[in-house]
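Topology and contacts: notes
Below, each chain spelled out in residue letters.
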Amino acid sequence: MANRANATGKVERAVSVFSVDLDAIADNYRYLRERLGGIECAAVVKADGYGVGAAKVAQRLHAEGCRHFFCAHFDEAIALRPLLRNSAIYVLNGLIGAKPDDFVGHDVIPVLNDLGQVYAWSRHSGTVKRREAVFHFDTGMTRLGLEVGDAERLALSGLLDAFSDALVMSHLACSEERDNPMNRRQLERFHDVLRWLPQYPASLANSSGIFLGGDFHFDMARPGYALYGGNPLPDQPNPMRNAVRLESMILQVRAIVEPRTVGYGATYKTDAPSRIATIALGYADGYVRGFGNRGQVVLAGRKLPVVGRVSMDLVTIDVTDVPEDLAQPGTYVDVLGEHNPIDEAAARAGTIGYELLTRLGKRFARRYIGAVDD
Ligand SMILES: *Cc1c(COP(=O)(O)O)cnc(C)c1O
């Protein structure tokens, strides 16, 4: 179990331990790359690598041969820049949050989301070494990106002379629903764009998009969630390896001899006799309130229910079904992991694994398995 030194230098056991298996993430990367059969597989590492640690993940994937990394913010990109040699780092949010000169100076590539950004970047691209730009077209998200109709304008503008080596991308809205007609519609719109820009490589698929088939692969895929072990195929068994584990310590066990209520709002009433354990985790750690009376943790091979509301720093679980000596103060329970996958846990709390992962807090002791700098 992970230890850490406290302020006085004494080593104590951490109350919550978040473990990230970079070997599993590397396996997931290789699996996706195999499915892509030779085209480029980028890695999306925005939001600190979906909350699991962008620097560790990116360095490990770089060691696996990944050379294209997508962040959301400029600051995320420049933090990774010194760690990733001979690689392109892109900023999905666009040529914003920093001046073009800063993008050039830091060797970071903006994803261009409107014609104004294309124009502004065209005047600076001469000094950029690799793929100078990404043209992002909106084919159905209505979020960021150029309009499909802008492709013709761009092609005829004369601006493209400044971009010898650009990427054309779009993003799928419904890729985790195989049969949603939106996928084909977006694919057609993307082809409408590419007809005007045939000289550039193209990228459409996120994690789930990779599983929609070769038509969706083009020249580069941009998976995020599946790398971290999330299921890209929500109605099928998860082909990815679980990569995260969250363990939290039991602080106290209460033997209940008469029925009574548990937690804020007194929303749960125990049977008696029973035993209620309190663990060192709460909504301040990203264990969202949706888990109140709905979450499950695993202890001694058993799934145990969260009872009562989630507090800021504490969660209560019913440990009646576990032998007393296996549920003691100091015992760790599995909150997330192999036997309690992020997709299933998130669904119980009324959210998705993406949100659950990215919200997990900073108070945990973190352990990385298979880090390249170890
Ligand atoms: C987040 C994101 C991705 C990765 O999506 P996943 O579903 O996590 O694989 C790819 N492309 C864009 C534009 C994104 O914003």
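Further up the page is the structure itself.
Report on the accompanying structure. (Residues numbered from 1 in each chain as written. Predicted model: local features only at pLDDT ≥ 70, side-chain atom pairs only at ≥ 80, totals over all residues. Heavy atoms only, no water.)

**Details of the pattern of salt bridges**
Counted by the stated rule, this structure contains 15 salt bridges. Across the salt bridge formed by R30 and E64, the nearest N and O atoms sit 2.4 Å from each other. Placement of the pair is R30 in helix α1 (residues 22-36) and E64 in the loop between α3 (54-63) and β6 (68-71), with a sequence separation of 34 residues. Taken together, the salt bridges that share partners define one network made up of D21, D23, D27, R30, R60, E64 and R241. (Salt bridge = Lys/Arg side-chain N within 4 Å of Asp/Glu carboxyl O. Helix = DSSP H or I, 4+ residues; strand = E, 2+ residues; numbered from the N terminus.)

**Some thoughts on the packing of aromatic side chains**
On inspection of all chains with the given rule, the structure shows 11 aromatic pairs. Centre to centre, the rings of F103 and W121 are 6.2 Å apart; their planes meet at 75 degrees, and the pair counts as edge-to-face. With a gap of 18 residues between them, F103 in helix α5 (residues 100-106) and W121 in helix α6 (residues 115-122) connect regions that are remote in the sequence. An identical accessibility class is assigned to F103 and W121; each is buried. Summarising the aromatic geometry, the rings of F135 and F163 are spaced 5.1 Å apart at their centres and angled 90 degrees between planes, so their arrangement reads as edge-to-face. Placement of F135 in strand β9 (residues 133-136) and of F163 in the loop between α7 (150-156) and β10 (166-169) is noted, with a sequence separation of 28 residues between them. Among the aromatic side chains, those forming a connected cluster through ring pairs are Y50, Y225, Y228 and Y354. (Phe/Tyr/Trp six-rings, centres within 6.5 Å; stacked < 30°, edge-to-face > 60°. Buried < 20%, exposed > 50% of the residue type's maximum accessible area, 1.4 Å probe, protein only.)

**Focus: the environment of V52**
You can see V52 is positioned in the loop between α2 (46-50) and α3. For V52, the contacting residues outside a window of four places in its chain are F18, V20, I25, V57, Y228, V244, L357, R366 and Y368. (Contact = heavy atoms within 4.5 Å.)

**Things to note about the site of the ligand**
Of all residues adjacent to the ligand, which total 14 residues, the nearest are K46, Y50, S207, Y225 and Y354. In the environment of the ligand, an oxygen atom lies 2.5 Å from a nitrogen or oxygen atom belonging to the side chain of Y50. Y225 places a polar main-chain atom, nitrogen or oxygen, 2.8 Å from an oxygen atom of the ligand. In the complex, the protein chains occlude 93% of the 390 Å² of accessible area that the ligand would expose alone. Its atoms largely coinciding with the cavity grid, the ligand occupies the largest pocket. Residue composition of the shell around the ligand, by class: seven nonpolar, four polar and three charged. (Near = heavy atom within 4 Å. Polar contact = N/O pair within 3.5 Å; in protein donor to acceptor, adjacent residues only side chain to side chain. Areas by Shrake-Rupley, 256 points an atom, 1.4 Å probe, with all protein chains shown as cover. 1 Å grid on protein atoms, 1.4 Å probe; cavity = no way out; pocket = protein on both sides within 12 Å on 5 of 7 lines; lining within 4 Å. Sits in = over half its atoms within 2 Å of the grid points. Nonpolar A, V, L, I, M, F, W, Y, C, P; charged D, E, K, R; others polar.)

**Topic: the environment of D215**
Residue placement: D215 occurs in the loop between α9 (207-210) and β12 (220-221). Classification of D215 as partly exposed rests on a relative accessible area of 44%. Each C-alpha atom, one on D215 and one on A205, is 9.8 Å from the other, the two residues being 10 residues apart in sequence. The contact partners of D215, leaving out residues within four places of it in the chain, are R184 and L187. Here the side chain of D215 touches R184 through a polar contact of 3.2 Å, side chain to side chain.

**Focus: α3**
With seven of its 10 residues buried, α3 lies for the most part within the structure. For α3, the set of buried residues is A54, V57, A58, Q59, R60, L61 and H62. Buried residues in α3 make contact with α1, β5 (43-44), α2, β6 and α4 (74-80). Positive phi appears at G65, one or two residues downstream of α3, with a value of about 105 degrees.

**Comments concerning the environment of M182**
Here M182 shows up in helix α8 (residues 182-196). Since its relative accessible area comes to 14%, M182 is described here as buried. C-alpha separation for the pair M182 and D192, spaced 10 residues apart in sequence, amounts to 15 Å. Apart from residues lying up to four places away in sequence, M182 is in contact with G140, A173 and C174.

What is shown is where atoms sit, not what they do.
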